[in-house]
Amino acid sequence: MAAAAVFADDAFIPLSDSGAIPLRDIVPWAIFGLLLAMIALYFVSTEQGAYAFFDGMYVHEFVHDGRHLLGFPCH
């Protein structure tokens, strides 16, 4: 019973200096996320279509179902 009382006595103590995350801390991560999203969109939408960085149909077949799910024609 004493262990349950110890857990019940714990309280959340908020920090007095908590606030919004500064924009200068968010911008690099936002750019990185946007870059990853653009690379993924390229591979799903364009690779092995009109232009291809890689030979063969490996990338096309790997993202084939995702391409149809997002509405990109490939046949």
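Criteria and cut-off values
Residues numbered from 1 in each chain as written. Predicted model: local features only at pLDDT ≥ 70, side-chain atom pairs only at ≥ 80, totals over all residues. Heavy atoms only, no water. Helix = DSSP H or I, 4+ residues; strand = E, 2+ residues; numbered from the N terminus. Buried < 20%, exposed > 50% of the residue type's maximum accessible area, 1.4 Å probe, protein only. Areas by Shrake-Rupley, 256 points an atom, 1.4 Å probe, with all protein chains shown as cover. UniProt positions renumbered as here; feature names shortened; annotations may be inferred. Phe/Tyr/Trp six-rings, centres within 6.5 Å; stacked < 30°, edge-to-face > 60°. Polar contact = N/O pair within 3.5 Å; in protein donor to acceptor, adjacent residues only side chain to side chain. pLDDT = per-residue confidence, 0-100. Patch = residues over 30% accessible without salt bridge, like charges linked within 9 Å, V, L, I, M, F, W, Y side chains within 5 Å. Salt bridge = Lys/Arg side-chain N within 4 Å of Asp/Glu carboxyl O.

### Thoughts on the overall build of the protein
Item 1. On a plain count of helices and strands, the protein comes out with four helices and zero strands.
Item 2. Taken over 75 residues, the protein has a buried fraction of 11%.
Item 3. Here the protein displays about 6,700 Å² of accessible surface, and carbon together with sulfur accounts for 71% of that area.

### Some thoughts on the UniProt feature "transmembrane region" (unreviewed entry) in the protein
Item 1. Following the UniProt record, the feature "transmembrane region" (unreviewed entry) maps to residues 26-44 here.
Item 2. Strand forms 0% of residues 26-44 and helix 100%; the C-alpha atoms that close the span are 27 Å apart.

### Points about the packing of aromatic side chains
The description of an aromatic ring pair rests on the distance of the ring centres and on the angle between the ring planes.
Item 1. Scanning the entire structure with this criterion turns up one aromatic pair.
Item 2. Note on Trp29 and Phe32: the rings are 6.2 Å apart at their centroids and 85° apart in plane angle, and the pair reads as edge-to-face. Highlighted residues: Trp29 and Phe32, both in helix H2 (residues 23-45), separated by three residues, approximately one helical turn.

### Describing the side chain of His64
Item 1. In this fold, His64 is placed in helix H4 (residues 64-69).
Item 2. Owing to a relative accessible area of 16%, His64 belongs among the buried residues under this scheme.
Item 3. Within the local environment of His64, its side chain forms a polar contact with the side chain of His68, the two groups lying 3.2 Å apart.

### A short note on the confidence of the model for the protein
Caution applies to low-pLDDT regions: their predicted coordinates should not be interpreted in detail.
Item 1. This prediction gives the protein a mean pLDDT of 76; 68% of its residues lie at or above 70.
Item 2. Ranking the helices and strands of the protein by mean pLDDT puts H2 first, with 90, and helix H1 (residues 2-9) last, with 52.

### Focus: a nonpolar patch on the surface
Item 1. Where nonpolar side chains cluster on the molecular surface, the patch consists of Ile21, Leu23, Ile26, Val27 and Ile31 and spans about 490 Å² of accessible area.
Item 2. Locating Ile21 in the fold gives a position in the loop between H1 and H2.
Item 3. Looking at Ile21, the relative accessible area reads 59%, which means it is exposed.

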